[in-house]
Amino acid sequence: MNATSPPRLPVAVLVLALGTFLMGTTEFVVAGLLPELARDFTTTEAHAGLAITVFAFGMVLGPPVMPMLTLGMSRRGVLTLALAVYAGAHVVSALITGFAVLLATRFIAAVATGTFWAVAAVVAASLVGAARASTAIGVVVGGGMLSTVIGVPLGAWAGQALGWRGPFWALALGAAVAVVALRRLVPEPTAGPEASGVRAELASLRSGRLWIVLLICAAVNAGVLSVYSFVSPLLAGRAGAAASLVPVALVLFGVGTFLGNLVGGRVGDQRPLATIATTATASLVACLVLVVAGAQIGPALAAFALLGAFGLSANPVLLTLAVRYGGAGATLPSAMATSTFNAGTAVGTALTATLLTGPLGDTSPAIVGLGFGLVVLAALGALARATRPRPAPADVPVAVPATASC
C-alpha cells in the first residue's frame, strides 16, 4: 500500500454490511415468492402481498422507537439483540401454518431490521472517525444494496425450487452466523458517547438542518423507488420491451446502486453537498429522459441504468449528515433517517400506483420521480443556505464624543 492510499476499513464494517445484506434480502425477497405464499396459505397473490406491506410499516415505525427504548444498552448489544430477534422471527415464520402469524413475524423482523440499520450506521461512523464516516456508511448501506443483486434473486430462485420456507431458514442461519461474527469482531465504539440519554436524543430534533436532511431522504427514495418499483409498466408497458428485459433492467439497477453507494460514500466524505447535488441532477435527467423518450427501449434502459448508478448513491452521505446535525443525540437522527427513507418509499409508490390508473398512465413513475427530484434540489438549496458560514459583522465605527477645541 502506498503512502497516499487510505487505510483499509476495519473488518467490523464488513460484518455490519453482512447484517444489512441479510436484512435487505428479507425486505425484498417476498416479492419473488408471492405465488408460493399464496399457494401455501390458500389465498391470492394480492393478499399475500400484505407480507410486504407490514414489513414496510415495521421499517417506518421501528427505527425511531427501538433505539430510544434500548438507550441503556451498548450499541453492540443493540445490534446483537436486533440480529437475534431477526433470526428468531424467521425461524417462527418458517414453522407456522397461519398467515396472520406470518404477518406478525414479518412486522417483528422489520422492526429489528430498522433498528439494526439505524444503529449500524452510527457504529460504522464511530469506528472510522468523521473523516471517513460516509465511506464506512456507504459500505454498510452497500450490503443492503448488494442484496438486490445477489440475495433477492437467489432467494426467489431457492423459494421456487424448495418452497418459500427454505429462504427463511437460510436467512435465520445467516443471522446466527452474523451474531457470532459481530460479538467477536465488532468492538464497542470508543468515539463519541455510548448512550447520550433521552433528553439529548430528543434535543437533536431541534436542529433545522436535520429536518431538511430528513426531507431530502424522503424525497430521494420517493422519487427513485417509484420508478424502480414500477419498471414493468415503464419498459414492458410503455416501451413495449419483452418481459425478459425487465429482470435485466433490475440487475443493471442493482449493480449500479451497489457501486454508486460505495463511490458516493467515498466522494461524499470530502464534498457532501456537491455529491448530493450531482446525484440528484443525474436522477432528474434520467427521469426526464423516461418522460420524453421512455417509449423507446434503448433510451428507457439507459435512463433506468443511469438512475440506478446515481439515484440512491448519496444515501450514505445523507445518513452521515443526519448523524452530524443531530449533535449529541446520534442514534435517534440516524433512526429517523432510516425511517424517513422508508416513509418516502411508501408515499412515492402509493402515489404512483394511484396515478397509473389515471390519464398519466405508464408515464406516472417517471413523472413522480421528476417531481420528487425537484423537491430534492429545492431542499438541498435550503440546506446549502442553512450551512453557509455567516459573514463576520463589519466593524462598527465607535462614536467619539466631541471635545472642546483648543
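The model shown is predicted, which means the values in this text are computed figures rather than measured ones. (Residues numbered from 1 in each chain as written. Predicted model: local features only at pLDDT ≥ 70, side-chain atom pairs only at ≥ 80, totals over all residues. Heavy atoms only, no water.)

Section: the side chain of Thr115
Following the sequence through the fold, Thr115 ends up in helix H6 (residues 99–128). Judged by relative accessible area, Thr115 falls into the buried class, the value being 6%. (Helix = DSSP H or I, 4+ residues; strand = E, 2+ residues; numbered from the N terminus. Buried < 20%, exposed > 50% of the residue type's maximum accessible area, 1.4 Å probe, protein only.)

A closer look at helix H13 (residues 272–293)
Under the 1.5 Å per step criterion, the end-to-end length of H13 is 31 Å for 22 residues, consistent within 8% with the ideal 32 Å. Of the residues making up H13, those classed as buried are Pro272, Thr275, Ile276, Thr279, Ala280, Ala282, Ser283, Leu284, Ala286, Cys287, Leu290 and Ala293. The inward-facing, buried residues of H13 abut helix H10 (208–229), helix H11 (231–238), helix H12 (245–268), helix H14 (297–310), helix H15 (315–325) and helix H17 (364–387). (Expected span 1.5 Å × (residues − 1). Contact = heavy atoms within 4.5 Å.)

Focus on unusual backbone geometry
Here the phi dihedral of Thr42 falls at roughly 55°; this positive angle occurs in a residue that is not glycine. With respect to the secondary-structure elements, Thr42 resides in the loop between helix H2 (34–40) and helix H3 (45–48).

A word on the confidence of the model for the chain
In this model, the chain carries a mean pLDDT of 83, and residues with pLDDT of at least 70 account for 89%. The model gives residues 191–195 a pLDDT under 50, and that stretch makes ten contacts with residues more than four places away or in other chains. Predicted confidence is poor over residues 398–406, with pLDDT under 50, and the contacts of this stretch with residues over four places away or in other chains come to zero contacts. (pLDDT = per-residue confidence, 0-100.)

Describing the packing of H6 against helix H16 (residues 331–356)
Packing of H6 against H16 leaves a shortest axis separation of 8 Å and a crossing angle of 130°. In terms of axis orientation, H6 runs oblique to H16. Two packed elements cross with a definite hand, and for H6 against H16 that hand is right-handed. Between H6 and H16, the contacting residues are Gly114, Trp117, Ala118, Val119, Ala121 and Val122 on the first element and Thr331, Ser334, Ala335 and Thr338 on the second. (Axes fitted to C-alpha atoms, helices over the stretch in contact; angles between N-to-C directions. Parallel < 35°, antiparallel > 145°, perpendicular 65-115°, else oblique. Left-handed = near helix turned anticlockwise from the far one by under 90°.)

Here's the deal with the packing of aromatic side chains
Going through the model one piece at a time under the given rule, you end up with five aromatic pairs. Ring geometry for Phe253 and Phe304: centres 5.1 Å apart, planes at 35°, overall tilted. Of this pair, Phe253 sits in helix H12 while Phe304 sits in helix H14, and the two are 51 residues apart along the sequence. By relative accessible area, Phe253 is classed as buried at 4%. In this structure Phe304 comes out as buried when scored by relative accessible area, which is 2%. Three or more aromatic residues joined by ring pairs make a cluster, and in this case those are Phe41, Phe99, Trp164 and Phe168. (Phe/Tyr/Trp six-rings, centres within 6.5 Å; stacked < 30°, edge-to-face > 60°.)

Overview of H6
Since the α-helix packs 3.6 residues into each turn, any two residues three or four apart lie on the same face. Spanning 30 residues, H6 covers 43 Å between terminal C-alpha atoms, matching the ideal 44 Å at 1.5 Å per step. The buried fraction of H6 is high, at 23 of 30 residues. Two residues or fewer after H6 comes Gly129, characterised by a positive phi angle close to 90°.

Let's talk about the pattern of salt bridges
On inspection of all chains with the given rule, the structure shows one salt bridge. The partner of Arg165 in a salt bridge is Asp40, with the nearest N and O atoms 3.0 Å apart. Residue Arg165 is found in helix H8 (residues 165–185), and its partner Asp40 is found in helix H2; the two are separated by 125 residues along the sequence. In this structure Arg165 comes out as partly exposed when scored by relative accessible area, which is 21%. In this structure Asp40 comes out as partly exposed when scored by relative accessible area, which is 38%. (Salt bridge = Lys/Arg side-chain N within 4 Å of Asp/Glu carboxyl O.)

A closer look at a nonpolar patch on the surface
On the surface, a nonpolar cluster with roughly 590 Å² of combined accessible area is contributed by Phe57, Leu61, Met73, Leu81, Val85, Phe107 and Ile108. Counting residues per element, the ones that place at least two in the nonpolar patch are helix H4 (50–69), helix H5 (75–95) and H6. Note that Leu81 resides in helix H5. By relative accessible area, Leu81 is classed as partly exposed at 39%. (Patch = residues over 30% accessible without salt bridge, like charges linked within 9 Å, V, L, I, M, F, W, Y side chains within 5 Å. Areas by Shrake-Rupley, 256 points an atom, 1.4 Å probe, with all protein chains shown as cover.)

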